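Working through the structure, step by step
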Amino acid sequence: MNIPYTSTARPDTGLYNAKLGIWLFLASEVMLFGALFSTYILLRVNAVSWPHGYEILNVPLATLNTVVLISSSVTMVMAWASLMMKKFDKYKMYMGLTILLALVFLVVKYFEYSAKFEHHLYPSTNTFLAIYFTVTALHGLHIIGGVIVNAYLWGPGSKMWKTDPQRFTNRVEVAGLYWHFVDLVWIFLFPVLYLL
Amino acid sequence: MADETSKHNSQKQAEGVGVGTHAHVHHEEHHHEVSFIRKYVFSTDHKVIGIQYGITSLLFLFFGFTLMMVMRWQLAYPGEPIPWIGLLLGADRAPDGIMLPEFYNQLGAMHGTIMVFLGVVPLAVGAFGNYVMPLQIGAIDMAFPKLNMMSYWVYFMGGVTMLVSFFLPGGAANSGWTSYAPLAVIATTGQTVWLIGMIFLITSSLLGSVNFIVTIIQLRTHGLTFMRLPFFVWAQFVTSFLLLLAFPPLEAAGILQLMDRVAGTSFFMPSGLVVSGIALPYTGGGSPLLWQHLFWFLAHPEVYVLILPAMGIVAEIIANNTRKPLWGYKSMVYAAIFLGFMSFVVWAHHMFMTGMGTTISAFFQTTTMIISIPSIIILTAFFLSLWGGSIRFTTPMLFALAFLPMFGIGGLTGLPLGLAPPDIHLHDTYYVIGHFHYVVAPGTLMALFAGIYYWYPKVTGRMMNDMLGKLHFWGSFIFLNGVFMPMFIQGLAGVSRRLYDGGEQYAHAQSVLQWNEVMSVSAWLLGLAQIPFIINFFLSAKNGKKVGDNPWDATTLDMAATTSPPLAHGNFERVPEVHRPPYEYSVPGAERDFIPQHERTA
Amino acid sequence: MDTAHADDVKKTVRTYIFVFVALMGLTVITVAISYLHLSVTAAVTVALIVATVKASLVAMYFMHLVSERKAIYWTLALTAFFFILLMFLPIFTDQNSTRLFH
């Protein structure tokens, strides 16, 4: 009793189940971040005064984080490409790099947050900081979720490469789609929060 | 990323059971004793999960109804001690058995929350969708069984969270099921727990909706094209998209309100807010209206989440019991899709009184009038389906037939509310309560009961008692109208929906006060009318008349191609192929008056 | 991309590296522009255009949207529509909504 189309694509849709599933999930994520983005616009338009992000936040650190996250997206897609070329060792390396970069991102974020707290800048200080902390924290949670999944696929989950390589490749592709989406969200958050 | 793990586990599960797709499925099962916990508690079988959803949501429905029965005492006899249970409620809820206004507010908020998010939606989507939809499309299970199990348990945790909030200091959430800011932001701790409970429930329905859509698109059996899907499957399909795309904005809003309450942010708090002469410690700069927009962006599509599965159930039962194909199947499908789409563009008609500009009001009035068209198309198709049929007045059919005028009343009374000028008068009166309860209670609930009577023999292999069923039907039908019809009268007189004393202190309410008692007595009798159902539900599982594999002579795969009950793993002895549209009843020249979808020849 | 062969993948690896370079370049550009301190309208417009280009590159190439299946395009089209609707929300919320258009 195996559920069909877990590793091969259904002929008429051309998709395997998890790929459709992750895209639907990402669609809902678009609506989640969309609502928060909309909130940002509203707060900013209605505000009597709105600070420039770069006056309060640390642009060089955030630029570093942007570079880190984009790099991790590239290593993620390279990990998948390595599996497509049947090079498992390369996959291990690229996936390991992806996880490391994600951890670097989180560490940088931690320093950013603690610097704010040291200067007594809290979510309750004003609506700019409120939306900054809320959105970046939610994005950070998404990063943590991605790290957990990627670590599983790098470690214990990678045993599947021996038993069902096609399905394992699919899993890495699906994890990748999620990871690129998290990167994509940051691509918008970075200019909106830090540069404007 | 949960579907990753689910994929993994579904495979493990499949290996654990170790069965092939062929016919000797059940022989092998005897060799693998699945533990009780895996079989009934943490099961990944969509049928068991469907039953779990069904029983849990029925319990929540009954609990939510009980809250209302207690409220109705206060409305009918304000200030008098509640008999029997009054003293059990405790001094902080009802000293000397007399209900406190704060407790009344908790009951109101939690009644709405429980009925919508823990009762009707989990029953309509979680229970019926889970159990019936995979059977109707000829699938052996859902696409992600492990995810399906998670969806149920996250829902369960959400439910427990909501229940626990009653025992907090200050009690459960008391700012209405809509939790409008800034009231909800400054409310007691119960509101924080409410928000956490909602985040559980939203996560659960998100997991469920992804699973439903993937299952319908990917696991349809050979020959089952989209235009051959039973209408029930279409209804679930559209519903899942609504849940998928409308819930996240509420999740965002929930997170923001949680931040306002816990971290002291001011997303929904305007500047310079003073309550009871005390300035609140918020920096301000937020917008209370933002909450309403984000809330109704979900909550209007939610209305169609409540009604579409009900229409799906009614469609199956009407086709089956009129013994003829549904009239206008295609237009019904297109109407359902259009309905789902439009439901995202009408939300601000809940907010005409918030001072929005006339241009925006005009826009939302127009979309609201447009959305009534697909609902009317579907309802008309149902009525025309009855025409010329040889109707079997079975218990499920009675409930399904009652759905039609009840939903009709609910829908038509909504039109004045969708236009801003009459809404100025009717806004926040009992008229509104009457309107949406007609849609959800005599409407959707009737359809859900119809579904229970219709699929019960498939699930248990035994029929429910017809006499008790009819007793349940007539009792419910009469008393539901007894509860909700007078609300229109009170509402037109201008009685506010939020009065703790039922309007006793208001001059304009005096002429309609006598209806409070009528409604309350009807509500309690409605409670009594459920007793035959409860008895029937439990006793029939043991003593009901045994049925064959196709108890209603139906054409769809769920009834026609499975045993009663369907096989524990894999549903079908051999996965059926589909050769024809869903409702081939009374085909001229055919041997019998129905041709199942999977039969090749007539 | 499930049907892609190893050779195709080798070719796409070159694309990935090109996209990576482009993303880095655009990051530098957007940060550099922010130091010019343009007027708010100009800054927002430029920043959002650059971000959209970057996001499109990620979606098109890393997420393979250049060659995806119909079901996914339909889902995303639907989502895009509702997303745009959500972006109108601030206008609906603001009572003097004309202010936004000046």
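Every chain's residues receive numbers from 1 upward, in the order its sequence appears when written. Think of it this way: whatever chain is written first is A, whatever ligand is written first is 1, and the rest follow in order. Since the coordinates come from a predicted model, pLDDT governs what is reported: local features require at least 70, and pairs of side-chain atoms require 80 or more to be given and counted, while whole-chain, interface and lining totals use all residues. Hydrogens and waters are ignored; side-chain quantities use all the structure's heavy atoms.

The next subject is the interface of chain C and chain B. Note on definitions: a residue-residue contact is assigned when non-hydrogen atoms from the two residues lie within 4.5 Å. With 13 residues of chain C at the contact, the number on the chain B side is 17 residues. Joining two parts hides part of their accessible area as seen by a 1.4 Å probe, and the buried area is that hidden amount summed over both. Here chain C packs against chain B, burying approximately 1500 Å² in sum over the two surfaces, 86% of which is carbon and sulfur. Taken as a group, Phe-82, Leu-89 and Phe-92 of chain C account for 41% of the area that chain C buries against chain B, more than any other trio of residues on that side. Any carboxyl oxygen of Asp or Glu within 4 Å of a side-chain nitrogen of Lys or Arg constitutes a salt bridge here. In this assembly, chain C and chain B are joined by zero salt bridges.

What follows covers helix H17 (residues 515-529) of chain B. The way it works is that DSSP assigns letters per residue, a run of H or I at least four long becomes a helix, a run of E at least two long becomes a strand, and they are numbered from the N terminus. Helix span is expected to be 1.5 Å times the residue number reduced by one. Spanning 15 residues, H17 of chain B covers 20 Å between terminal C-alpha atoms, matching the ideal 21 Å at 1.5 Å per step. On its buried side, H17 of chain B packs onto helix H4 (46-76), helix H16 (466-492) and helix H18 (531-543) of chain B.

Take the domain arrangement of chain C next. Residue and element names in this part refer to chain C. Bear in mind that the domain bounds are from an automatic or database domain assignment. Each assigned domain of chain C is listed with its residue range as follows: domain 1 (1-68) and domain 2 (69-102). Contact residues are listed per partner, giving five residues for domain 1 and five residues for domain 2. Taken together, the two surfaces of domain 1 and domain 2 that pack against each other cover about 430 Å², and 47% of this comes from carbon and sulfur. Remark: the boundary between domain 1 and domain 2 carries zero salt bridges. Gly counts as polar in this scheme, as do all residues outside two lists: the nonpolar Ala, Val, Leu, Ile, Met, Phe, Trp, Tyr, Cys and Pro, and the charged Asp, Glu, Lys and Arg. When grouped by side-chain class, the residues that make up the side of domain 1 that touches domain 2 number two nonpolar, two polar and one charged.

Residue and element names in this part refer to chain B. Note on definitions: angles span 0 to 180 degrees between N-to-C directions of axes, and those axes are lines fitted to C-alpha atoms, for helices only across the stretch in contact. Where H4 contacts helix H6 (residues 145-164), the two axes come as close as 10 Å, and the packing angle between them is 15°. As far as their axial angle goes, H6 and H4 are roughly parallel. For the pair H4 and H6, the sense of crossing is left-handed. Across from His-46, Ile-49, Gln-52, Tyr-53, Thr-56, Ser-57, Phe-60 and Phe-63 in H4, the residues of H6 making contact are Pro-145, Asn-148, Met-149, Ser-151, Tyr-152, Trp-153, Tyr-155, Phe-156, Gly-159 and Leu-163. The class makeup of the residues in the contact of H4 with H6 is 11 nonpolar, seven polar and no charged. In these notes the angle categories are as follows: under 35 degrees is roughly parallel, over 145 is roughly antiparallel, 65 to 115 is roughly perpendicular, and the rest is oblique. Crossing handedness follows the turn of the near helix against the far one: under a right angle anticlockwise gives a left-handed crossing, and clockwise gives a right-handed one.

For the rest of this paragraph, the subject is the layout of surface pockets. In this structure, the second largest pocket occupies an estimated 1600 Å³ of space. Using only the protein atoms, space was sampled on a 1 Å grid; points where a 1.4 Å probe fits but cannot get out form cavities, open sets with protein on both sides within 12 Å along at least five of seven lines form pockets, and lining residues are those with an atom within 4 Å of a point. Contributing to the lining of the second largest pocket are 47 residues, with Phe-37 and Phe-188 of chain A together with Leu-48, Phe-83 and Met-87 of chain C lying nearest its centre. Of all the secondary structure elements, the ones that give two or more residues to the lining of the second largest pocket are helix H1 (17-46), helix H5 (127-154) and helix H7 (165-195) of chain A together with helix H2 (40-62), helix H3 (70-87) and helix H4 (89-93) of chain C. When residues of the lining of the second largest pocket are assigned to their parent elements, the largest contribution, 12 residues, is made by H1 of chain A. For the lining of the second largest pocket, the two domains that each supply at least three residues are domain 1 (1-68) and domain 2 (69-102) of chain C. Grid points are joined across faces, edges and corners, and a volume is the space filled by probe spheres set on the points.

Moving on, we come to the packing of aromatic side chains. For Phe, Tyr and Trp, where Trp contributes only its six-membered ring, two rings pair if their centres lie within 6.5 Å, and the inter-plane angle classes them as stacked under 30 degrees, edge-to-face over 60, or tilted in between. Counted under the stated rule, the structure contains 74 aromatic pairs over all chains. The interplanar angle of 35° and the centroid separation of 6.4 Å between the aromatic rings of Phe-25 of chain A and Tyr-178 of chain A together place this pair among those described as tilted. Note that Phe-25 of chain A is positioned in helix H1 and Tyr-178 of chain A in helix H7, a separation of 153 residues in sequence. Taken together, a centroid distance of 5.8 Å and an interplanar angle of 55° make the contact between Phe-128 of chain B and Trp-455 of chain B tilted. Of the two residues, Phe-128 of chain B is situated in helix H5 (residues 101-136) and Trp-455 of chain B in helix H15 (residues 430-460); the sequence distance between them amounts to 327 residues. Judged on exposure class, the residue Phe-128 of chain B and its partner Trp-455 of chain B are both buried. With a 1.4 Å probe rolled over the protein chains alone, any residue whose accessible area is under 20% of its type maximum counts as buried; one over 50% counts as exposed, and the rest are partly exposed.

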